[in-house]
Each structure stands twice: as structure tokens, then as C-alpha cells.
Amino acid sequence: LRRVFPLPLGSRLVASCLLAAVLAGCAGPRAMPVSPEVRGMAGQMLLVGFRGAEPGLGAAGELPILRQVVELNLGGVILFDRDVAAGNAERNIRTPEQVARLNAALSTVAREAAMLPLFIAVDQEGGRVQRLKPINGFPGGPAAAELCPDAADGSGPDTAPALAAGEATGRM
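Residues numbered from 1 in each chain as written. Predicted model: local features only at pLDDT ≥ 70, side-chain atom pairs only at ≥ 80, totals over all residues. Heavy atoms only, no water.

K.L.:
I would appreciate a short explanation of the overall build of the protein chain in the present structure.
P.N.:
Within the protein chain one finds six helices and five strands. In the protein chain, the succession of helices and strands from N to C terminus is α-α-β-α-α-β-α-β-β-β-α. Scored against the burial criterion, the 172 residues of the protein chain give a buried share of 26%. Partitioning the contacts of the protein chain with sequence separation of at least 6, the portion at a separation of at least 24 is 55%. Put simply, the protein chain shows about 11,600 Å² of open surface, and 63% of that area lies on carbon and sulfur atoms. (Helix = DSSP H or I, 4+ residues; strand = E, 2+ residues; numbered from the N terminus. Buried < 20%, exposed > 50% of the residue type's maximum accessible area, 1.4 Å probe, protein only. Contact = heavy atoms within 4.5 Å. Areas by Shrake-Rupley, 256 points an atom, 1.4 Å probe, with all protein chains shown as cover.)

K.L.:
So what exactly am I meant to see when it comes to the sheet that holds strand β3 (residues 119-122) here?
P.N.:
Backbone hydrogen bonds hold the strands of a sheet together, and the pairing may be parallel or antiparallel. Here we have three strands laid out as an open sheet, ordered β1-β2-β3, and parallel in their pairing. For this open sheet the edge positions go to β1 (47-49) and β3, each flanked by a neighbour on one side alone. Neighbour to neighbour, the strand axes of the sheet diverge by 30° on average, direction disregarded. Alignment of β1 against strand β2 (residues 76-79), held across three bridges, turns out to be parallel. Looking across to β2, one finds that V48 is bridged to V77. Together, β2 and β3 form the strand contacts of helix α5 (residues 96-112), whose direction differs from that of β2 by roughly 165°. (Pairing = 2+ DSSP bridges. Axes fitted to C-alpha atoms, helices over the stretch in contact; angles between N-to-C directions.)

This is how it looks when you write it as C-alpha cells:
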């Protein structure tokens, strides 16, 4: 079992139970086929991560996500700078120019398939959680604690810094 599931014991146990449940379902009665409309609505509810940073040239070199956006009618994708699970230093984010190419390719496949605009997200909270790092050529941002300080007049939080940081991140 360790070779099949190279995970800690608790995770292997959960994975084994899920595998058994899936296999048991395969032996039981078949569910009704899902209509294309329901599949499309389900896809629009998904925001998925993926591996790869360059869209590629030609069909042989394209990222699988470019095909999957259309096939699954995905609602969105999320970009990360590191691939923790695979132990790689890079995942989707390298430089501002590369992210612009990737975002353009993702948006184009959705637009050409007459889909709703694709939601492209980045986990960019500020401070320690920052995927668009200055070391990769992105402008720096304030720490999360600096985004919503107390207003000078004591009336509560001052949301102006958070709004300004959000707008700056959106323009990257």
C-alpha cells in the first residue's frame, strides 16, 4: 500500500477508503448520464490549480489546462509561484512578462470557445503570503497588517490602503 500511496499513514488510510468507495461504486448500478448543461454549470463552479508556466507553441507543446478550460467549462484558475507537492521551486509564476503570456493564453481559449470570461486568481495576501514577489520582477506590496490600519480619527479601520494595494495588484 505504501508504494501505491506514498503518503503518511493517516493520509494513506483516507486514500484507501476513498479508493474502496470508488471501486464499490463501479460495481453497483450506474448513475444516469449527466447532461451537458449540468456539466457546464458544474465546471463554472470550479477554480483549479495546474502545473506549467508557458502556454507553449502548437498543439504538441500546449499546457493541458488550455484544453481543460474548454473541455470542462472551467470557471477559473489559480496561479502559484511554487509547487510544494512536487518539490519544485516554480509552478505558474516566473516573471511579469511570462504571467502576462500565460494569462493571455488562458483568457483567449475561453473567449474563442464563447465561454464566460475565465476568472484568473493569485493568492496574494501581502507580507509572507506573496506569490508575485519582487525577486521575480513584480512590485512589492505592503504586509497584510498594514493594509487596514485604524483610522486617524478613531472611527474604525481605514480601508483606503487595502483598496490601493488591491488596485495595484490588479494592474500587475
